[in-house]
Amino acid sequence: MSASLHQPIHTLYGGAHLFKSTTCSKLGALAERTFHEHAPEAASLVGIFGVPEALAATIHQRVAEKLRREPLEDFRIDFEDGFGVRSDEEEDSAADHAAAEVTAAVKAKSLPEIFGIRVKSFHTEATKSRALRTLDRFLSRATLPHNFVVTLPKITTPEQVSALVRALQAYPDVRVEIMIETPQSIFRLPQLIEAARGKCIAAHFGAYDYTASLGIIAANQDLHHPACEFARSMMLASLAETGVWLVDGATNLIPIPPAVHRAWKLHYDNIRHSLYNGFYQSWDLHPAQIPARLVAVHAFFLEGLAEASARLRNFRNQSEQATRVGAIFDDAATGRGLVNYFERAVRCGAISESDVPR
């Protein structure tokens, strides 16, 4: 991976059978069009999301600019749930077609900063064999973009991660992502990272597969379920200071008329919850979800800008000793938290570097 690469704010998935060289450009255009159609002015953000009126104009302008400039930051061609179980002939054909389309997209420079594929699980010999066959066909035929990753789902043992790493020996620049969707993986996170041998860039939390594996019924499968809170806490604690990015799950209500605003608000609330819990990236299942994501991320950081600026400025003025701003006491640990805030806010585009206190 590029040394200057920063964690994206989302990963957008799409079925392998649907991917074309123009897919990412078209999805970005759809996200931008949806925003302008369903949130045409700053006041829309107040009514839909509850964004503070004082920030609405700034957020609306910055989201519109982001959608124009870079609506997609990360995309996966999906050979798993988004593709389904098909005959070997069908998946072979899809892998070959995807490789040709990715090659064309690389030449056209139409892919996002991070890009990759999700293969089937290695949990059974049948799916492992199919996943490795797809991976080999795709990699041997495609011109790969820089920052290319392979996502491995439904992991239960470190050996599955090791098998993927071995399959990628001829591609030293390709990185891997692990999906945390089973109870077994939650308690073996350090071993999973070790098995990746330095190639793991991110750990994705698959909330719906995880809760289903615990016997939780569909009506109660929710990103805010206590089982999900536990899993995220385990990921945070186990992967702290490893450099592995943490990625939260998806909102499965898609913004399709006439329920665009209701779906947006649910996605917005889920993303704010993820950000609060230290997960700065999560899934989008449809490009129409991207506007809600951008509003959530921008609002999250801009709402705290004035207070964070005062606290960081005071902390630095006191030579990074423990300080107090009003009733808030800051020491070295919270000082680091303030730096984290500004680093994340700048990276996602919510604020510019000129907004960071000097």
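No experiment lies behind these values; they were computed from the predicted model shown.

J.: Which residues make up the packing of aromatic side chains, and what are the values?
T.: The final tally for this structure, using the stated rule, is 14 aromatic pairs. Ring geometry for Phe49 and Tyr268: centres 5.0 Å apart, planes at 35°, overall tilted. One end of the pair, Phe49, is in helix α2 (residues 42-49); the other, Tyr268, is in helix α11 (residues 260-276), with 219 residues separating them in the sequence. Tyr268 carries the same exposure label as Phe49, and that label is buried. Here Phe300 and Phe301 contribute two aromatic rings whose centre-to-centre distance is 5.0 Å and whose plane-to-plane angle is 90°, an arrangement assigned as edge-to-face. What makes Phe300 partly exposed here is its relative accessible area of 23%. Cluster of aromatic residues (ring-pair linked, three or more members): Phe19, Phe75, Phe115, Phe138 and Phe148. If you follow Arg86 out to its NZ or CZ, it ends over the ring of Phe83, 4.4 Å from the centre.

J.: Describe the sheet that holds strand β3 (residues 114-118), naming the residues involved and giving the relevant values.
T.: One closed barrel holds the 8 strands; their spatial order is β1-β2-β3-β4-β5-β6-β7-β8, and the pairing between them is parallel. Neighbouring strand axes in the sheet, compared pairwise and without regard to direction, differ in orientation by 30° on average. When strand β1 (residues 10-15) meets strand β2 (residues 74-78), the two strands line up parallel, connected through 4 bridges. Within β2, the residue paired with Gly15 across the bridge is Asp78. Of the strands in this sheet, β5 (175-180), β6 (200-205) and β7 (245-248) are in contact with helix α10 (residues 226-239), which crosses β6 at around 165°.

J.: So, the packing of helix α1 (residues 23-38) against helix α3 (residues 53-69): which residues are in play, and what are the values?
T.: Pairs of packed helices are described in terms of their axes, by the angle between the two and the distance that separates them. Interhelical geometry of α1 versus α3 gives an angle of 155° and a closest axis separation of 9 Å. In this view, α1 runs roughly antiparallel relative to α3, as classed from their interaxial angle. As for how α1 packs across α3, the hand of that crossing is left-handed. Together, Ala31, Glu32, Phe35 and His36 of α1 and His60, Val63, Ala64, Leu67 and Arg68 of α3 make up the contact between the two elements.

J.: Residue-level account of the environment of Leu236, with values.
T.: Along the chain, Leu236 turns up in helix α10. On the basis of relative accessibility, which here comes to 30%, the residue Leu236 falls in the partly exposed class. Separated by 145 residues in the primary sequence, Leu236 and Glu91 place their C-alpha atoms 36 Å from one another.

J.: Could you give me a rundown of the layout of surface pockets, with the residues and numbers involved?
T.: Taken as a whole, the largest pocket spans an internal volume of roughly 500 Å³. Residue lining of the largest pocket: 20 residues in total, with Gln7, Val244, Trp245, Tyr280 and Arg344 positioned closest to the centre. For the lining of the largest pocket, the elements supplying multiple residues, two or more each, are α10, β7 and α14 (332-348). In terms of residue count, the dominant contributor to the lining of the largest pocket is α14 (5 residues). By residue class, the composition of the lining of the largest pocket is 9 nonpolar, 6 polar and 5 charged.

J.: Help me get a handle on the environment of Tyr341, residues and values and all.
T.: With respect to the helices and strands, the residue Tyr341 is situated in helix α14. On the accessibility criterion, Tyr341 (13% relative accessible area) is buried. On a C-alpha basis, the gap between Tyr341 and Val102 in space is 35 Å, while along the polypeptide they are 239 residues apart. With sequence-adjacent residues up to four places away left out, Tyr341 is seen in contact with Phe301, Leu302, Gly304, Leu305 and Ala308.

J.: Residue-level account of the environment of Ser354, with values.
T.: Topologically, Ser354 is positioned in the segment after α14. For the pair Ser354 and Ile117, spaced 237 residues apart in sequence, the C-alpha to C-alpha distance is 37 Å.

Definitions and cut-offs
- Residues numbered from 1 in each chain as written.
- Predicted model: local features only at pLDDT ≥ 70, side-chain atom pairs only at ≥ 80, totals over all residues.
- Heavy atoms only, no water.
- Phe/Tyr/Trp six-rings, centres within 6.5 Å; stacked < 30°, edge-to-face > 60°.
- Helix = DSSP H or I, 4+ residues; strand = E, 2+ residues; numbered from the N terminus.
- Buried < 20%, exposed > 50% of the residue type's maximum accessible area, 1.4 Å probe, protein only.
- Lys NZ or Arg CZ within 6 Å of the ring centre and 35° of its normal.
- Pairing = 2+ DSSP bridges.
- Axes fitted to C-alpha atoms, helices over the stretch in contact; angles between N-to-C directions.
- Contact = heavy atoms within 4.5 Å.
- Parallel < 35°, antiparallel > 145°, perpendicular 65-115°, else oblique.
- Left-handed = near helix turned anticlockwise from the far one by under 90°.
- 1 Å grid on protein atoms, 1.4 Å probe; cavity = no way out; pocket = protein on both sides within 12 Å on 5 of 7 lines; lining within 4 Å.
- Points joined across faces, edges and corners; volume = space filled by probe spheres on them.
- Nonpolar A, V, L, I, M, F, W, Y, C, P; charged D, E, K, R; others polar.

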